[in-house]
Amino acid sequence: MSKPLNIGMVGYGFMGRTHSNAYRKVTNFFNTEYKPVLKAVCARDEAKVRGFADTWGYESIETDWRKLVERKDIDAIDICTPNNLHHDIAIAAAANGKMILCEKPLSMNAQEGEAMCQAVEKAGVVNTVWYNYRKVPAVTFAKQLIDEGRLGRIFHYRANFLQDWTISADLPQGGAALWRLDAAAAGSGVTGDLLAHCIDTAVWLNGSMKNVTAMTETFVKERKHNLTGKVEKVSIDDACAFLCHFKNGSLGLFESTRYARGHKALYTFEINGENGSIKWDLHDLHRLQWFDYKDEGPLRGWRSIHVTDSDHPYMSHWWVPGLQIGYEHSFVHHVADFLEGVEKGTPVCPTFRDSLETQKICDAVLKSGKSGSWAEIE
Ligand SMILES: NC(=O)c1ccc[n+]([C@@H]2O[C@H](COP(=O)([O-])OP(=O)(O)OC[C@H]3O[C@@H](n4cnc5c(N)ncnc54)[C@H](O)[C@@H]3O)[C@@H](O)[C@H]2O)c1
């Protein structure tokens, strides 16, 4: 008999949908002691949040997140709001003894992130940040191959996250759907939004970074602000590229932009080691490209591994070998890992503390982008 774990979710946008879907699916595929119950969803517009609750099967609604975090019938708070709200909601949720699943990036900056870490650690509550790409089976498989030492000494780590949706100078900033262009709501542009994913994966696969040097650019300097109606300065980074030294001696190269015409969500990474190389591409997320230097003769070449067999990470829970899964399943895996952590009393990775490292790197990247100098990671 499974035990209920009551979820209170704040925000019903893009991530609100992916998470709700994951809570509903997880126990159909994973044998967990706890079963998520969609207890309440919260957002400011009552009619809209009620419509969302009806669509996804939430039992109740709130229009003020402060009420939600105080409710006695909620076990876990899921933060799916713009970045400027993560800190206040997480601190209040921890003070009320709630477990917390927070969307990425953890916070607006490392100072806020440190306070959030201290709050969950003091309260002793289970906490995790939704860096969901770790939970794509091919990416988890890459982690296994690296941890087994198959690549040998690592020389290079390369990652891109490219989009093209903000090229028009007529696009306003701020408010619903466009908060990502407003530094007051987002904290930063592509660095916190897209590179944060690349950095989280990189640190997980290849270890900590020592220092970074970055260039950032804001191509459209002014945009109408939806909340004030006035044309205002744009303070986010539209594009960012940075180099880094990893502590293991390898070199990193990262690029992200929302001005790469033709690209919608091209997240790729490549790792080159002395014995082999690995490549992954979000557009083909169920495949891992693998080159093994041990392969001899004319058949040597890149292998394209279809990560769908039951001995691949997470895949024994899904269909039969050869049938692939998609983007939304990475969130189902994250919930499965969360429920396992709750059951066993083990940390749910990435924790707030793990994700603070990504936050510190984002801060250093933005600092270096402004100063033009190398920035050390604390
Ligand atoms: N893990 C990922 O791959 C991924 C992908 C997209 C977004 N995100 C992150 O998820 C978070 C949300 O992004 P999104 O794309 O879902 O945004 P969104 O704009 O689609 O949704 C944001 C939601 O927050 C709600 N909201 C805003 N202010 C609120 C308030 N004061 N009280 C209650 N609700 C409020 C809005 O009503 C909306 O429902 C961000 O932190 C973002 O960086 C992560």
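Since the structure is predicted, the reported quantities are computational estimates derived from the model, not experimental observations.

Draft legend 1. Representation of the sheet that holds strand β7 (residues 154–162) within the structure. Taken in spatial order, the 9 strands of this open sheet run β16-β15-β14-β13-β7-β12-β11-β8-β17, and their pairing is mixed. The open sheet has two free edges, formed respectively by β16 (303–306) and β17 (375–376), since each of these has just one partner strand. In this sheet, strand β13 (residues 266–273) lies alongside β7 in antiparallel orientation, the contact comprising 8 bridges. Across the sheet, Asn160 pairs through a bridge with Thr268, a residue of β13. The strands that helix α8 (residues 190–206) touches are β7, β8 (209–217), β11 (239–246), β12 (251–257) and β13; relative to β7, the one it contacts most, it runs at about 155°. Relative to the sheet, helix α10 (residues 352–371) contacts β8, β11 and β17, its axis offset from that of β8 by approximately 50°.

Draft legend 2. The arrangement of α8 in detail. Of all bends in α8, the biggest is about 45°, found at Ala196. Counting buried positions along α8 yields 17 of 17 residues, so the element is predominantly enclosed. Positive backbone phi, at 90°, marks Gly207, one or two positions downstream of α8.

Draft legend 3. Structural context of the domain arrangement of the protein. One can read the domain layout of the protein as domain 1 (3–132) and domain 2 (133–376). Computed from C-alpha atoms alone, the centre-to-centre distance between domain 1 and domain 2 is 23 Å. Between domain 1 and domain 2, the contact holds 38 residues from the first and 39 residues from the second. Broken down by element, the residue count for the side of domain 1 that touches domain 2 peaks at 8 residues, all from helix α1 (residues 14–29).

Draft legend 4. How the structure looks around the packing of helix α6 (residues 137–147) against α8. Between α6 and α8, the least distance of the axes is 9 Å, while the angle of their chain directions is 30°. Judged on the interaxial angle alone, α8 and α6 are roughly parallel. Listed contacts from α8 to Val139, Ala142, Lys143 and Ile146 of α6 are Thr201, Trp204 and Leu205.

Draft legend 5. Local environment of helix α9 (residues 327–344). Compared with the 26 Å implied by 1.5 Å per residue over 18 residues, the 27 Å span of α9 between its first and last C-alpha is a close match. Looking at α9, one finds that the buried residues are His329, Ser330, Phe331, Val332, His333, His334, Val335, Ala336, Asp337, Phe338 and Leu339.

Draft legend 6. Molecular detail of the site of the ligand. Every one of the 22 residues lining the ligand counts as a neighbour, but Gly11, Gly13, Phe14, Met15 and Glu103 are closest to it. Grouping the amino acids of the shell around the ligand by side-chain chemistry returns 12 nonpolar, 6 polar and 4 charged.

Draft legend 7. Main features of the environment of Trp318. Locating Trp318 in the fold gives a position in the loop between β16 and α9. Using a count of 17 C-beta atoms within 10 Å as the deciding quantity, one classes Trp318 as partly exposed. In the structure, Trp318 is positioned 28 residues away from Thr346 in sequence and 24 Å away in space, judged by C-alpha atoms. Among all residues touching Trp318, those that are not within four sequence positions of it are Phe29 and Ile325.

Draft legend 8. Quick peek at the pairing of strand β4 (residues 76–79). On β4, burial covers both faces: Ala76 and Asp78 on one face and Ile77 and Ile79 on the other are all buried. Note that strand β1 (residues 3–10) and β4 share 4 bridges and pair parallel. Note on β4: the bridge partner recorded for Met9 is Asp78. Inspection of the sheet shows β4 paired to strand β5 (residues 99–102) by 4 bridges, in the parallel sense. Counterpart to Ala76 in the pairing with β5 is Met99.

Draft legend 9. Molecular detail of the packing of helix α4 (residues 86–95) against helix α5 (residues 110–123). Orientation of α4 relative to α5, taken along the N-to-C sense of each, is 15°, at an axis distance of 9 Å. By the criterion of interaxial angle, the relationship of α4 to α5 is roughly parallel. Considering only the axes of α4 and α5, their crossing is left-handed. Of the residues in α5, those touching α4 at His87, Ala90, Ile91, Ala94 and Ala95 are Glu112, Ala115, Met116, Ala119, Val120 and Ala123. Partitioning the contact of α4 with α5 into residue classes produces 9 nonpolar, 1 polar and 1 charged.

Calculation notes
Residues numbered from 1 in each chain as written. Predicted model: local features only at pLDDT ≥ 70, side-chain atom pairs only at ≥ 80, totals over all residues. Pairing = 2+ DSSP bridges. Helix = DSSP H or I, 4+ residues; strand = E, 2+ residues; numbered from the N terminus. Contact = placed C-beta atoms within 7 Å. Axes fitted to C-alpha atoms, helices over the stretch in contact; angles between N-to-C directions. Bend = angle between axes of the 7 residues up to and from the residue. Buried ≥ 20, exposed ≤ 12 C-beta atoms within 10 Å, placed from the backbone. Domains from an automatic or database assignment. Parallel < 35°, antiparallel > 145°, perpendicular 65-115°, else oblique. Expected span 1.5 Å × (residues − 1). Near = placed C-beta within 6 Å. Nonpolar A, V, L, I, M, F, W, Y, C, P; charged D, E, K, R; others polar. Left-handed = near helix turned anticlockwise from the far one by under 90°.

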